[in-house]
Amino acid sequence: GEKLLMISCKNEKDKIVWTVADTGVGMDQETCRSLLSIHAQGYGVRNVNERLVLLYGKAASMYFESVPEEGTTVTVRIPKQLSEAGRGIADEMEK
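Presented here is a report on the structure given in the accompanying data block. (Residues numbered from 1 in each chain as written. Predicted model: local features only at pLDDT ≥ 70, side-chain atom pairs only at ≥ 80, totals over all residues. Heavy atoms only, no water.)

### A word on the nonpolar core
Core analysis: the biggest nonpolar cluster contains 9 residues, these being Met27, Cys32, Leu52, Tyr56, Ala60, Met62, Phe64, Val76 and Ile78. Mapped onto this core, the elements with two or more residues apiece are helix H2 (44-56), strand E3 (61-67) and strand E4 (71-79). When sequence neighbours within four positions are dropped, the list of residues in contact with methionine 27 reads Cys32, Leu35, Ser66, Val67, Pro68 and Thr72. (Core = buried A, V, L, I, M, F, W, Y, C linked by side-chain atoms within 4.5 Å. Buried < 20%, exposed > 50% of the residue type's maximum accessible area, 1.4 Å probe, protein only. Helix = DSSP H or I, 4+ residues; strand = E, 2+ residues; numbered from the N terminus. Contact = heavy atoms within 4.5 Å.)

In structure tokens:
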């Protein structure tokens, strides 16, 4: 059947929340949990999460929900303000 991809962004008090959801093949909970671990097969998702934490500190989060044969939802929350380290990185990138 037809597969859908939905992308949304919303403003919460002190955070910005992005949600990406699909109606694809989904994955089991063990696979979801492993996406951000050192044992993940690829490094793309983990790399994005590590960069978010580098720029925004522990206030940044990436969360996965998935059901096999139904789809996956990824939610990314970041604070509206960069962390102290993130400001330093941003300043360096502007040079």
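### Considering the pairing of E3
Alternating positions in E3 separate cleanly, Met62, Phe64 and Ser66 being buried on one face and Ser61, Tyr63, Glu65 and Val67 remaining unburied on the opposite face. The loop that links E3 with its antiparallel partner E4 comprises 3 residues; one of these, glutamate 69, has a positive phi angle of about 70°. (Pairing = 2+ DSSP bridges.)

### Brief notes about H2
Between the first and last C-alpha of H2 there are 18 Å, a value that for 13 residues agrees with the 18 Å anticipated at 1.5 Å per step. Buried residues of H2: Arg46, Asn49, Leu52 and Tyr56, and no others. Viewed along the axis of H2, the buried residues span an arc of 120°, placing them on a single side of the element. Looking at the packing, one finds that the buried side of H2 touches E3 and E4. At the C-terminal side of H2, glycine 57 shows a positive phi close to 75°. (Expected span 1.5 Å × (residues − 1). Arc of directions from axis to C-beta.)

### Looking at the sheet that holds E4
Taken together, 4 strands build an open sheet; the order of strands is E1-E2-E4-E3 and the sheet is antiparallel. The open sheet has two edge strands with one neighbour each: strand E1 (5-12) and E3. In this sheet, neighbouring strand axes are inclined to one another by 15° on average, regardless of whether the strands run parallel or antiparallel. Across the sheet, H2 is in contact with E3 and E4; its angle to E3 comes to roughly 150°. (Axes fitted to C-alpha atoms, helices over the stretch in contact; angles between N-to-C directions.)

### Here's the deal with a nonpolar patch on the surface
Together, Leu5, Ile7 and Val20 give the surface a local cluster of nonpolar side chains, amounting to about 300 Å² of exposed area. Relative to the elements of secondary structure, leucine 5 occurs in strand E1. Judged by its relative accessible area of 58%, leucine 5 falls in the exposed class. (Patch = residues over 30% accessible without salt bridge, like charges linked within 9 Å, V, L, I, M, F, W, Y side chains within 5 Å. Areas by Shrake-Rupley, 256 points an atom, 1.4 Å probe, with all protein chains shown as cover. Salt bridge = Lys/Arg side-chain N within 4 Å of Asp/Glu carboxyl O.)

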